[in-house]
Amino acid sequence: MARTLHDRSPRAAGPFVTLNCAAVPAELIESELFGHEKGSFTGAAGRHVGKFEQAEHGTIFLDEIGDMPLTMQAKLLRVLEEGEVERIGGDKPVRVDVRVLVATHRNLEAQVRDGKFRQDLFHRIFVFPMVLPPLRERKEDIPALVEHFAAQVCAQNGWKPIPFSGDAVEALKSHAWPGNVRELRNVVERLMLLATDGQVTIETVRFALPQGTEASPPVFSSSGPLAERVEGFEKEVILAELKRNNYQMTKAAKALGLERSHLYKKAEQLGIDVQTLRKNDDA
């Protein structure tokens with residue numbers, strides 16, 4: 001939304017600069033926003049131009065502003081009021097001409113009441129608020145989003161188009177989507193990896209979202225160290241491919257682009273007992 005506002009504004013020819021306030025350590029955010037002069041602190045080997053100066057005649061987008069430290073909020077308020085920044089270690093202010101867009105998932109009014117967000121800054125940025133409804137409140141957008149993300153995934157991976165059946169899309173519309181559009185995008189890619197017969201069916205959706213319409217987590221872990229998440233996803237994909245090929249390792253390995261011996265080794269590492277799975281399936 002922020003990018004669209006910039007692209008359709010008189011500032012479209014100018015830069016679009018972003019900063020996620022939650023992702024920058026508190027001790028570095030001032031330098032990131034306002035810049036610093038050479039030698040102004042340990043490690044400042046040269047002049048650094050901050051995000052506000054980088055966005056001159058364009059737009060700066062401050063994402064997750066609700067996570068900005070209180071001390072930094074006071075300095076940001078001054079910039080918004082005065083239209084100028086001071087680099088750390090600088091001896092004079094620098095005028096800036098930027099449009100400022102902010103976003104947050106937090107309730108800023110509640111944070112003001114709790115003393116976690118400055119009231120004066122809240123009123124300064126609350127000029128023209130836009131509320132983006134969660135995906136669960138605009139499920140009519142899901143078919144178009146699925147089509148968009150599917151085309152995106154195919155283009156990124158060099159795949160042939162993988163269509164979604166009508167029933168599969170309807171099943172996706174019944175999901176609660178606690179992770180909103182980001183979750184949908186990840187699920188679309190997962191479904192395409194698990195697709196059978198060249199398309200995503202309702203069975204594929206039921207496998208990837210086994211608890212149906214509830215706001216359930218994915219089969220693999222969505223939290224924890226990266227290695228654990230990757231391992232969980234690998235296990236899910238291998239199990240799906242084994243089931244699709246009736247637990248025939250040669251066919252599953254070929255579908256996954258692996259040597260048969262490599263697939264056996266990977267299954268052992270992930271705790272997949274192919275013989276037991278085959279017996280249970282035959283039963």
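For the structure, see preceding data.
An account of the accompanying structure is given in this report. None of the values given here were measured: they were computed from a predicted structure.

1. So, the overall build of the protein
If you tally the helices and strands in the protein, you get 14 helices and seven strands. Along the first, second and third principal axes, the C-alpha set of the protein runs to 75 × 45 × 40 Å. For the protein, long-range pairs separated by at least 24 residues make up 66% of all intrachain contacts whose partners lie at least 6 apart in sequence. Just so you have it, the protein exposes about 16700 Å², and 50% of that area is on carbon and sulfur atoms. Here the protein contributes 37 positive and 40 negative side-chain charges, whose respective centroids are spaced 2 Å apart.

2. Details of helix α7 (residues 142–157)
Relative to the 22 Å expected for 16 residues at 1.5 Å per residue, α7 spans 22 Å between its end C-alpha atoms, a close match to the ideal helical length. Those residues of α7 hidden inside the fold are in contact with α8 (166–173) and α9 (180–194). A positive phi of about 70° marks G158, the residue just after α7.

3. Points about the environment of R78
Secondary-structure assignment places R78 in helix α4 (residues 70–82). Along the chain, R78 and L132 lie 54 residues apart, while their C-alpha atoms are 28 Å from each other. When neighbours within four sequence positions are excluded, R78 is seen to be in contact with G83, E84 and E86. In this structure the side chain of R78 is engaged in a polar contact, spanning 3.2 Å, whose partner is the side chain of E84.

4. Describing the sheet that holds strand β1 (residues 16–20)
Spatially, β1-β4-β7 is the arrangement adopted by the three strands of the open sheet, whose pairing is parallel. Where the open sheet ends on each side, the last strands, each with one partner, are β1 and β7 (99–102). Strand-to-strand, the axes of this sheet are offset by a mean angle of 20°, without reference to chain direction. Here β1 runs beside strand β4 (residues 59–63); their pairing, made up of five bridges, is parallel. By the bridge assignment, F16 is partnered in β4 with T59.

5. Some details on the nonpolar core
The biggest cluster of nonpolar side chains holds 29 residues, and the ones touching the most others in it are F164, L172, M192 and V200. Those elements giving two or more residues to this core turn out to be α7, α8, α9, α10 (202–208) and α11 (226–244). Here this core takes seven residues from α7, the largest share from any one element. Other than its neighbours up to four places away in sequence, F164 contacts V146, A150, V169, L172, V188, L191, M192 and V200. Within the second largest apolar cluster, 27 residues are counted, among which are V24, I60, V85 and L121.

6. Regarding the pairing of β4
Among the five residues of β4, five are classified as buried, and the element is accordingly described as predominantly covered. Of the pairings in the sheet, the one linking β4 to β7 comprises four bridges and is parallel in character. Looking at β7, one finds that I60 is bridged to V100.

7. Focus: the pattern of salt bridges
Within this structure, the stated rule accounts for 15 salt bridges. With a closest N to O distance of 2.8 Å, R11 and D97 form a salt bridge. Residue R11 is found in the loop between α1 (2–7) and β1, and its partner D97 is found in the loop between β6 (94–95) and β7; the two are separated by 86 residues along the sequence. Salt bridges sharing partners connect three or more residues here, namely E37, R47, E53 and R87.

8. Details of the side chain of H175
Among the secondary structure elements, H175 is positioned in the loop between α8 and α9. Relative accessible area serves as the criterion here: at 0%, H175 is assigned to the buried category. Side-chain polar atoms of H175 contact the side chain of E183, separated by 3.3 Å.

Cut-offs and rules
In this convention, every chain numbers its residues from 1, walking through the sequence in written order. With pLDDT at 70 or above as the cut-off, local features in this predicted model cover only qualifying residues; side-chain atom pairs require 80 or more to be listed or tallied, and sums for whole chains, interfaces and linings still use all residues. Water and hydrogen atoms play no part in the side-chain values, which are based on all heavy atoms of the structure. By definition, any uninterrupted DSSP run of H or I lasting at least four residues is a helix, any uninterrupted run of E lasting at least two residues is a strand, and each is numbered from the N terminus. In what follows, a contact means two residues having at least one pair of non-hydrogen atoms within 4.5 Å. Computed with the Shrake-Rupley method and a 1.4 Å probe, the accessible areas treat only the protein chains shown as cover for residues. Neither His nor the chain ends contribute to the count of charged residues, in which Lys and Arg are positive and Asp and Glu negative. Positions of charges follow a simple convention, taking NZ of Lys, CZ of Arg, CG of Asp or CD of Glu. A helix is expected to reach a length of 1.5 Å times the quantity of its residues less one. We define a polar contact as two N or O atoms separated by no more than 3.5 Å, with the added condition that, inside protein, one atom must be a possible hydrogen donor and the other a possible acceptor, whereas residues neighbouring each other in sequence contribute only through side-chain atom pairs. Pairing between strands is defined by DSSP: at least two bridges between them are needed. Each axis is a line fitted through C-alpha atoms, and for a helix only the stretch in contact is used; angles between axes span 0 to 180 degrees, taken between their N-to-C directions. Only buried residues count toward a nonpolar core, which is a set of Ala, Val, Leu, Ile, Met, Phe, Trp, Tyr and Cys residues joined through side-chain atoms within 4.5 Å. Buried means the residue's accessible area, taken with a 1.4 Å probe over protein chains only, is under 20% of the maximum for its type, while exposed means over 50%, and partly exposed covers the values in between. Basic side-chain nitrogens of Lys or Arg form a salt bridge, by our definition, when they fall within 4 Å of a carboxyl oxygen of Asp or Glu.

Everything listed here is a matter of coordinates, which is why it stays silent on function.
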